[in-house]
Amino acid sequence: MSTAEIDRQWTTRLRKRATGHLPPEKLLPDTQPAYVSSWIYVFGVTTLAALMMVILSGIILAIRGPQWWHSSAIGHFVNSTHLWSVEIFFFAMIVHLWGKFFMAAWRGGRSLTWVTGVVTFLASVGTAFTGYVSQTNFDSQWISTQAKDGINATGAGSIFNVLNLGQMLMWHIVLLPLAAVLLTAIHVLMVRVKGVVPPFEENGATK
Amino acid sequence: MAYLWSLAALIPLNNYGHYIHWGVIDISVANFIVVVLMIIAFVAALFLPFPGRSRRKESR
Ligand code: HEM
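Residues numbered from 1 in each chain as written. Chains lettered and ligands numbered in written order. Predicted model: local features only at pLDDT ≥ 70, side-chain atom pairs only at ≥ 80, totals over all residues. Heavy atoms only, no water.

Trainee: Help me out: how do you make sense of the site of the ligand in this one?
Mentor: All names here are of chain A. The immediate surroundings of the ligand are formed by 24 residues, with His96, Lys100, Gly117, His187 and Val197 found nearest. In the model, an oxygen atom of the ligand is placed 2.8 Å from a nitrogen or oxygen of the Lys100 side chain. A distance of 2.8 Å separates an oxygen atom of the ligand from a polar atom in the backbone of Val197. Listed by contribution, the elements that provide at least two residues to the shell around the ligand are helix H4 (42–64), helix H6 (73–103), helix H7 (111–132) and helix H9 (165–194). (Near = heavy atom within 4 Å. Polar contact = N/O pair within 3.5 Å; in protein donor to acceptor, adjacent residues only side chain to side chain. Helix = DSSP H or I, 4+ residues; strand = E, 2+ residues; numbered from the N terminus.)

Trainee: What should I look at first to understand the interface of chain B and chain A in this one?
Mentor: Taken together, the contact between chain B and chain A spans 17 residues of the former and 16 residues of the latter. Applying the counting rule to chain B against chain A returns zero salt bridges. At the junction of chain B and chain A, the tally comes to one residue pair in polar contact (both at pLDDT 80 or more). Elements that contribute at least two residues to the side of chain B that touches chain A include exactly helix H2 (29–47) and helix H3 (53–58) of chain B. A total of eight residues in the side of chain B that touches chain A trace back to one element, the largest contributor, which is H2 of chain B. Residue classes in the side of chain B that touches chain A are distributed as 14 nonpolar, no polar and three charged. (Contact = heavy atoms within 4.5 Å. Salt bridge = Lys/Arg side-chain N within 4 Å of Asp/Glu carboxyl O. Nonpolar A, V, L, I, M, F, W, Y, C, P; charged D, E, K, R; others polar.)

Trainee: Just checking my understanding: could you explain H6 of chain A for this structure?
Mentor: One full turn of an α-helix is made of 3.6 residues, so residues set three or four places apart face in the same direction. In this model H6 of chain A runs 45 Å from its N-terminal to its C-terminal C-alpha over 31 residues, within 8% of the 45 Å that 1.5 Å per residue would give. In the segment just after H6 of chain A, Ala104 of chain A is the residue with positive phi, at about 50 degrees. (Expected span 1.5 Å × (residues − 1).)

Trainee: Even after reading the chapter, I still don't get the nonpolar core, so can you show me in this structure?
Mentor: Nonpolar side chains in soluble globular proteins generally cluster together in the buried interior. One finds Ile40, Phe43, Ala92, Ile94, Val95, Met103, Ala105 and Val197 of chain A together with Met38, Ala41, Phe42 and Ala45 of chain B forming the largest nonpolar core, which totals twelve residues. Those elements that place two or more of their residues in this core are H6 of chain A together with H2 of chain B. Setting aside residues no more than four positions away along its own chain, Ala45 of chain B makes contact with Ser38, Trp39, Ile40 and Phe43 of chain A. Counting residues in each nonpolar core, the second largest holds six residues, with Ala147, Ile151, Val162 and Met168 of chain A among its members. (Core = buried A, V, L, I, M, F, W, Y, C linked by side-chain atoms within 4.5 Å. Buried < 20%, exposed > 50% of the residue type's maximum accessible area, 1.4 Å probe, protein only.)

By themselves, these figures tell us nothing about what the structure is for.
The structure is reproduced here in structure tokens:
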């Protein structure tokens, strides 16, 4: 095979593109600019850590099932771990969002980072909602019967039926978490590709 | 484990929830507390010194 032919292979092109945009030392850097040593930068990683706990505890809930999480002490514990990790996840995500908003962290070609953040937020809200209606207790019955009126009024009820436990559970444990995790992966990779956004210039120029 | 259940008795859950009504804003006290805690965390993150910051500056 000639070098021209090798250069045209999709494996070669993909590798060159990937390593061009994200060489290993950019993906896993040794140091960060001085302005990154502030607590405000910790909230992105806190969100990430909480998301990992949510997924881990969710996997255990899925393995053992509702009877277990409703009736055994350890089941209650894992259920609570799942809920409280979600609380920390949203708490940290909102503070993270505020931080990035006031830094205008979408500057310098970072709009995809911001937009994947926004869409991850929306996917997370949907995941939390379908989680609340998948509890299989009086709370979930109450929430779904309240929510159906609002959602049916939009017309979305014809394909997204909050009273359909099977559908809600599948959105909660397959579709939405998959979307949230994929979007988060793109989000964090975009931060590595672009590098952390520099502070505003002192003379007020935005750059 | 039984003693853990008794902890739940510290918070009475059999009453109506508490709500704050402020013009068009209706929010449960629990949610309001969470919002206040987020604001405190945000402001604290901006002003609290980050450990190791001065050390790193000296070495530059
Ligand atoms: C699953 C939820 C999220 C996770 C796990 C996450 C994680 C992260 C991490 C680890 C970073 C790099 C460290 C940092 O600067 O804090 C980051 C940066 C960033 N995040 Fe998020 N984030 C999430 C949601 C959001 C949301 C909702 C927004 C805004 C709508 C957002 C906007 C940004 C922006 C603009 C940056 C780039 C900052 C820069 O270049 O300096 N993120 N995110």
